[in-house]
Amino acid sequence: AAWERRAARALIALEGVDRAGKSTQGRRLVEALRAEGTRRPHLLFPADRTTEIGQLISSYLVREKNLEDHTIHLLFSANRWEHVPMMKEKLHQGVTIVVDRYAFSGVAFTSAKGNFCLDWCKQPDVGLPKPDLILFLQLSPEAAAERGNFGRERYETSSFQEKVLQSFYCLMEDKTLNWKKVDASKSIEDLHREIKSLAEETMQEVQNKPLGELWK
Ligand code: TMP
Ligand code: MG
């Protein structure tokens, strides 16, 4: 419908290794968009630990529960899919959504375990709403390790994060996606300004474009 096309919606994903500042920047971006009058911008954590699936994931991450590697991969994907009806509804209403991690984290973390091909890892997320912009917050695993709280959860070791980073680099070679790398070692304020301007640029560009399907 014509009203759908006019809506200034965008789906923006924040990605990067642990401790790169995704959550802080996601909050700041949504607050800034809201302050400037963007209609109901929405922040979403697809690794949402509150749903039943999310609680299973959470207990895996804090090492209360062990899950087989394929199983946890599929649970992360299911945790994204359970948000899709709501995401589509919002996007069709012209609401901009910022996601703190998306399918790229799913693929990067599982494939970093070895014994997984990128293609297998991507399949469960094929067809998700396609982000109009993927902001990759670049930070070396060494710099990430120096930031607080590192090492408490599963996956939070420098050696594993280094492998995750390599998987992200493979995913970034896909030129059908709008990846933008940003330097996450900058101050919170400088990084916020850069992210905000990239987000606003994207919101202008996608105004008349239909929502795409990821990896399809
Ligand atoms: P968080 O730090 O954003 O809460 O994410 C929790 C951990 O889960 C983090 O180490 C990345 C990992 N993760 C996956 O392994 N697969 C996924 O699909 C997602 C979204 C996160
Ligand atoms: Mg974390």
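Going by the structure above, here's the rest.
Because the structure is predicted, anything quoted here is derived from the model rather than measured.

*Asks:* Mind showing me how you'd approach the packing of helix α6 (residues 103-111) against helix α9 (residues 158-171) here?
*Replies:* Angle between the axes and distance between the axes: these two values describe a pair of packed helices. It is the contact of α6 with α9, at a shortest axis distance of 8 Å, that shows an interaxial angle of 130 degrees. The orientation of α6 relative to α9 falls into the category oblique. At the point where α6 passes α9, the crossing takes the right-handed sense. Across the interface between the two elements, Phe 104, Ser 105, Val 107, Ala 108, Phe 109 and Ser 111 from α6 touch Phe 160, Gln 161, Val 164, Ser 167, Phe 168 and Leu 171 from α9.

*Asks:* Mind showing me how you'd approach the packing of aromatic side chains here?
*Replies:* Given two aromatic rings, their pairing is described by the distance between the two centres and the angle made by the two planes. If you walk through the whole model with that rule in mind, you get 11 aromatic pairs. Considering the side-chain rings of Phe 116 and Trp 120, the 5.6 Å spacing of their centres and the 50 degrees angle between planes classify their relative orientation as tilted. Judged by relative accessible area, Phe 116 falls into the buried class, the value being 14%. An aromatic cluster is defined as three or more aromatic residues linked by ring pairs; in this entry it consists of Tyr 102, Phe 104, Phe 136, Phe 168, Tyr 169, Trp 179 and Trp 215. Directly above the ring of Tyr 60 sits Arg 154, whose terminal nitrogen or CZ lies 3.9 Å from the centroid.

*Asks:* Teacher, can you tell me more about the site of ligand 1 here?
*Replies:* Neighbouring ligand 1 are Asp 18, Ala 47, Arg 49, Leu 61, Phe 76, Arg 80, Arg 101, Ser 105, Gly 106, Phe 109 and Tyr 155. In this structure, an oxygen atom belonging to ligand 1 sits 3.0 Å away from a side-chain N or O atom of Arg 49. Between ligand 1 and Arg 101, the relevant distance is 2.6 Å, taken from an oxygen atom to a side-chain nitrogen or oxygen of the residue. Contact with the protein chains hides 89% of the accessible area of ligand 1, taken as 480 Å² for the molecule alone. Only α4 (69-81) and α6 provide two or more residues apiece to the shell around ligand 1. Here the shell around ligand 1 takes 3 residues from α6, the largest share from any one element. Partitioning the shell around ligand 1 into residue classes produces 5 nonpolar, 2 polar and 4 charged.

*Asks:* Please clarify how helix α2 (residues 22-35) should be interpreted in this entry.
*Replies:* One turn of an α-helix holds 3.6 residues; hence residues three or four places apart share an orientation. Here α2 spans 20 Å end to end across 14 residues, near enough to the 20 Å set by a 1.5 Å rise per residue. If you check which residues of α2 are buried, you get Lys 22, Gln 25, Gly 26, Leu 29, Val 30, Ala 32 and Leu 33. Relative to the axis of α2, the buried residues are bounded by an arc of 165 degrees and lie together on one face. Looking at the buried residues of α2, the elements they touch are β1 (11-16), β2 (42-44), β3 (97-100), β4 (133-138) and α10 (188-205).

Rules and cut-offs
For every chain, the first residue of the written sequence is number 1, and numbering continues from 1 along that sequence. Chain letters and ligand numbers both follow the written order, the letters beginning at A and the numbers at 1. Where totals are concerned, whole chains, interfaces and linings use all residues; where local detail is concerned, this predicted model gives features only for residues with pLDDT of at least 70, and gives and counts side-chain atom pairs only at 80 or more. Hydrogen atoms and water are omitted, and side-chain values are computed over all heavy atoms in the structure. Angles here are taken between N-to-C directions and fall from 0 to 180 degrees, while the axes themselves are lines fitted to C-alpha atoms, restricted in helices to the stretch in contact. Labels follow the DSSP assignment, with helices taken as runs of H or I lasting at least four residues and strands as runs of E lasting at least two, numbered in each case from the N terminus. Orientation labels follow simple angle bins: below 35 degrees gives roughly parallel, above 145 gives roughly antiparallel, 65 to 115 gives roughly perpendicular, and whatever is left gives oblique. Here is the rule for handedness: rotate from the far helix to the near one, and if that takes an anticlockwise turn smaller than a right angle the crossing is left-handed, while a clockwise turn gives right-handed. In this description, contact between two residues means that some pair of their heavy atoms is separated by no more than 4.5 Å. Each pair of aromatic rings taken from Phe, Tyr and Trp, with Trp reduced to its six-membered ring, is defined by centres within 6.5 Å and is described as stacked if the planes are under 30 degrees apart, edge-to-face if over 60, and tilted in the remaining cases. A simple rule labels every residue: compare its accessible area, found with a 1.4 Å probe on the protein chains alone, to the largest value its type can have, and call it buried under 20%, exposed over 50%, or partly exposed in between. Whether a charge sits over a ring depends on NZ of Lys or CZ of Arg being within 6 Å of the ring centre and within 35 degrees of the ring normal. One heavy atom within 4 Å of a molecule or strand is enough for the residue carrying it to be called near that molecule or strand. Identification of polar contacts relies on pairs of N or O atoms within 3.5 Å, with a donor-acceptor requirement for protein atoms, meaning one able to donate a hydrogen and the other able to accept it, and with residues adjacent in sequence counted only if both atoms are side-chain atoms. The Shrake-Rupley method, run with a 1.4 Å probe, gives the accessible areas here. Residue values count only the displayed protein chains as cover. Classification convention: Asp, Glu, Lys, Arg as charged; Ala, Val, Leu, Ile, Met, Phe, Trp, Tyr, Cys, Pro as nonpolar; all other residues, Gly among them, as polar. Helix span is expected to be 1.5 Å times the residue number reduced by one. Working note: the arc is built from the helix axis to C-beta atom directions.

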